[in-house]
Amino acid sequence: MGNLWQDIRYSARMLLKKPAFTIVAVVTLALGIGANTAIFTVANAVLLGSLPYRNADRLATVWESHFTGTHESQNTINLGNFFDWKEQNTVFEDMAAYFDNTINLTGDGEPEEVPRQIATTNLFSLLGVDAMIGRTFDEDDGKPGRERVAVISYSLWQRRFGGDQTVVGRKVRLNNLDTTIVGVLPPSFSWHIRKGSMTRKKAEIWSPWQVSNDLRQRQGRFACAVARLKPGVTRVQAQADMDRIAAQLSQQYPDFDTNWGVNVVPLRDQFTGEIKTGLWVLIGAVGFVLLIACANVANLLLARAASRQKEIAVRVALGAGRWRIVRQLLTESVLLSSIGGAIGVLLAWWGTDALIALSPAELIGFSAVRIDSTVLLFTVGVSVLTGILFGLAPAFDALRQDIHSVMKESGKNTGGSARSHRIRSGLVVSEFALALVLLVGAGLLIKSFGRLMQVDLGFNSTNLLTMKVSLPLTKYADDRKCIDFIRQTVEGLRDLPGVEAVGAINWMPFAGPHAGTGVHIEGAPELPSSQQPSTGVCVTDAGYFAAMQIPLKRGRLFTDREASDMRHVVVVNEKFVEKLFPDEDPLGKRVTIDMKDENAPCEIIGVVGDTKHLSVEGEPEPMAYWPHPELVYSSMYMVIRTSKSAATMAPGLREVISRLDPDQPIADIQTMDSLVGKSVARSRFSMIMLGVFAGLAMLLAAIGIYGVMAYAVAQRTQEIGVRMALGAQKKDVLVLVVRRGMALAMSGVGIGLAGSYILTRVMKSLLYEVSATDTVTFVATSILLVVVAWLACYVPGVRATRVDPMSALRYE
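Novice: Just checking my understanding: could you explain the nonpolar core for this structure?
Specialist: Side chains that are nonpolar tend, in soluble globular proteins, to be buried together. If you look at the biggest cluster of nonpolar residues, it comprises 106 residues, and the most contacted ones within it are Met548, Met672, Leu690 and Phe693. At 16 residues, helix H21 (residues 681–715) tops the list of elements feeding residues into this core. Residues Val502, Val519, Val537 and Leu653 belong to the second largest nonpolar core, which totals 39 residues.

Below is the structure:
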């Protein structure tokens, strides 16, 4: 222990004697270790951290899946099927069902629309979550005649009720009905599930759900399910058991369940499925950055070791063992990396906040991202391992020195062994190879994102503002009241200064999933519901298509009369026509869309252009647009096209609604551009982060080759002087230096191209309309790296041309 402390003190003195070297090495390591710590902090929370539920590894979401040859699709479930699963399975302790909606909260402040989850009363007990204050649901909550109750989130308790401890037992107005708050959930609790690419807002209110017999019929799919596996049951066993039940149900209800299966997804996979690949790519990227940083510092240490050969030889001559020298050098490198690691933690502290600010909501969603003991332990481990890694080369180079040859040099600096030069050259080659892999990855993501931003959405998102109005059925139970309120809202918004057009739709593109159902063509043979062609369904008013600037391809749009009274007409998009009427004129044809208890045939009066709805990446789907009276929704989005800044419109929107109903809140006031931006947030995040790491890698690689060439010029000063004294021109010296450096860079580029061709294939799922082996990207990034390498070699080359031959000939 005494020797170790002595080594540490000696190492500290040696580092302080060379402040420039120490600062460069520490900064290089701090960048590499800091980047790794920041990314690991997120990965630890998202991929490794504990979920806020009891025995979360035994929780799984259960979806229905339309048969496509796999179990990967995630469709909402039918409640009749759900209760059969619950009764017949042998693998789950319990199952709960729920669905998301919003509810209007009034009283104790401004009217507010709050995300809500309606859940069977066993949801919280299944998840293993207790209320922080009060209680969760008991099995009788929600039954007819019982008091209406609700459980609220910690965030709503703080925001709306100021953290009042007496909130339990307080009555609030939810959708115009008195409801008693019975519990407040702990701050760690979060429960929101993504379906496909859509992410709903986190629920802040939970209401109990007693599922009626009517909802248990084989008609429609709209709910979600979560289950707790029995101890010892694996996901594979659970999937097999649910496949058995699904097969039985398809025989029992062939019209409804044929070609429908079940998909059991572990809860962790449900949370991380879409982001796992991107996060692993970033983890690999920062790992490459750290390796490049290590190679740079190893080069610095090799150069420093060369200048210390005489010192090391003298210590050996005085009796120091060779392994004692190696230990001393490794101690110096570990001390250096430890200092870099400490500064890296500070950088990661700031960097983690930046990551969270840049990241899409679904990346962080359910996790508390913070630098905790696990992250600190990781950083310590990385720092020590890094110190050993970049310290091995100079340490073992010192071990192999010929002490007698060094002592015979009469005080001259030998400039390091040939082996040392080979190691340094190899490190530079590896730096360029790693840097090129990152540059190619970043280039692919940049090109992919560029393609994504050029996608034709099918509508014009510029100067388009959206807001949502959800009318409580307790107050607007009559369909006519809902229709009139939305119509009056549209008219009021149309009169605002700066408004060019207004429309309404039940589900905005990129704001949430639309309804989907089967469709039957009048006169065609009847098919079982499971075999019927399907279509998406949206409900609009007469002004929606004009406000969105969706082009009319054939026929006409809704008249004001059709948007006010049921006339059994429908407008469809081109995908609908392509799927159902590939060789026919659809105008005048009648189709029955299965969305109501009593479905009447509707005449197709117009065909509009296809639009993207769920995501920018996704393909347009068949869509049928009904006028509002055909299927009355109490919740509608207003689409407002403006001639001025959308941000200035919000006060006017609230005033229009307040005039119609002072207790009616509005929600989701945002521009369409922001909705589109959220849809591509994951792609933007991956592109930015990999681009930053690739840029850092390129910079470190350039510094590395600059250092090697500058050191080579310093060591060959006498040789260069002799060449120039014998008649060599400056351009000859410049070519000599640059050619040597470019040979290293080109070797690294060659290896990097081979590595990129293999490694970038893992990025396929992150790319849009770009091949993982895109030739243009490979060539462009290679040229960029070669140009950077040339500049890094050119500077020491120019310095070499300025050598004075007479001074060089006297150089020792």
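Novice: I would appreciate a short explanation of the packing of helix H16 (residues 479–494) against helix H19 (residues 650–660) in the present structure.
Specialist: How two helices pack is summed up by the angle between their axes together with the distance between the axes. Contact geometry for H16 and H19: axes closest at 10 Å, N-to-C directions at 140°. On the basis of their axis angle, the class for H16 and H19 is oblique. Read as a crossing pair, H16 and H19 show a hand that is right-handed. In this structure, H16 uses Phe485, Gln488, Thr489, Gly492 and Leu493 to contact H19, whose residues at the interface are Leu653, Val656, Ile657 and Leu660.

Novice: Can you help me understand unusual backbone geometry in this one?
Specialist: Negative phi is the rule for most residues except glycine; trans is the rule for most peptide bonds. Of note, the phi angle at Asn175 is positive, near 50°, even though the residue is not glycine. Position of Asn175 relative to the elements: it lies in the loop between strand E6 (171–174) and strand E7 (177–184).

Novice: Can you walk me through the environment of Glu603 in this structure?
Specialist: Tracing the chain through its elements places Glu603 in strand E18 (residues 602–608). Along the sequence, Glu603 and Glu522 sit 81 residues apart, while their C-alpha atoms lie 9.9 Å from each other. Once residues lying within four places of it in the same chain are set aside, the contact partners of Glu603 are His568, Val569, Val570, Gly588, Lys589 and Arg590.

Novice: Just checking my understanding: could you explain the environment of Ser534 for this structure?
Specialist: Take Ser534: it is sitting in strand E14 (residues 534–540). For Ser534, a relative accessible area of 37% translates into the label partly exposed. Between the C-alpha atom of Ser534 and that of Gly518, which follows or precedes it by 16 residues, the distance is 4.2 Å. Setting aside residues up to four positions removed in sequence, Ser534 forms contacts with Thr517, Gly518, Val519, Lys579 and Pro622.

Novice: It is not clear to me how the packing of aromatic side chains should be interpreted in this structure. Could you clarify?
Specialist: The description of an aromatic ring pair uses the distance of the two centres, along with the angle that the planes make with each other. Throughout the structure, instances matching the rule amount to 20 aromatic pairs. Centre to centre, the rings of Phe124 and Trp206 are 6.0 Å apart; their planes meet at 70°, and the pair counts as edge-to-face. Of this pair, Phe124 sits in helix H4 (residues 123–127) while Trp206 sits in strand E8 (residues 205–209), and the two are 82 residues apart along the sequence. Across the pair, Trp206 and Phe124 agree in class, each one buried.

Novice: How do you make sense of the pairing of strand E20 (residues 635–642) when you look at a structure like this?
Specialist: Working note: regular strand, side chains alternate between the two faces of the sheet. Judged by how many residues are buried, E20 sits mostly within the fold: eight of eight residues are covered. Inspection of the sheet shows strand E11 (residues 464–470) paired to E20 by seven bridges, in the antiparallel sense. Counterpart to Leu464 in the pairing with E20 is Arg641. The pairing of strand E12 (residues 499–505) with E20 spans six bridges and is antiparallel. Across the sheet, the residue bridging to Val499 is Thr642, located in E20.

How each quantity is defined
The residue count restarts for each chain, going from 1 along the sequence in the order it is written. Residue-level local features of this predicted model are given only where pLDDT is at least 70; pairs of side-chain atoms are given and counted only at 80 or more, and the full residue set underlies all totals for whole chains, interfaces and linings. Side-chain descriptors were evaluated using all non-hydrogen atoms of the structure, hydrogens and water having been removed beforehand. Side-chain atoms within 4.5 Å are what join buried Ala, Val, Leu, Ile, Met, Phe, Trp, Tyr and Cys residues into a set we call a nonpolar core. Burial classes follow relative accessibility: with a 1.4 Å probe on protein chains only, a residue under 20% of its type's maximum area counts as buried, one over 50% as exposed, and anything between as partly exposed. Put simply, DSSP marks the helices as runs of H or I at least four residues long and the strands as runs of E at least two long, and each gets a number from the N terminus on. Every axis in this analysis is a line fitted to C-alpha atoms, fitted for helices over the stretch in contact. Angles between the N-to-C directions lie between 0 and 180 degrees. Between 65 and 115 degrees an angle is taken as roughly perpendicular, under 35 as roughly parallel, over 145 as roughly antiparallel, and anywhere else as oblique. Handedness of a crossing is defined here by the sense of rotation of the near helix relative to the far one, left-handed for an anticlockwise turn of less than a right angle and right-handed for a clockwise turn. Any two residues whose heavy atoms approach within 4.5 Å are treated as being in contact. Aromatic rings from Phe, Tyr and Trp, taking only the six-membered ring of Trp, are treated as a pair when their centres fall within 6.5 Å; an angle between ring planes under 30 degrees marks them as stacked, one over 60 as edge-to-face, and anything in between as tilted. Strand pairing is defined by DSSP finding a minimum of two bridges between the two strands.

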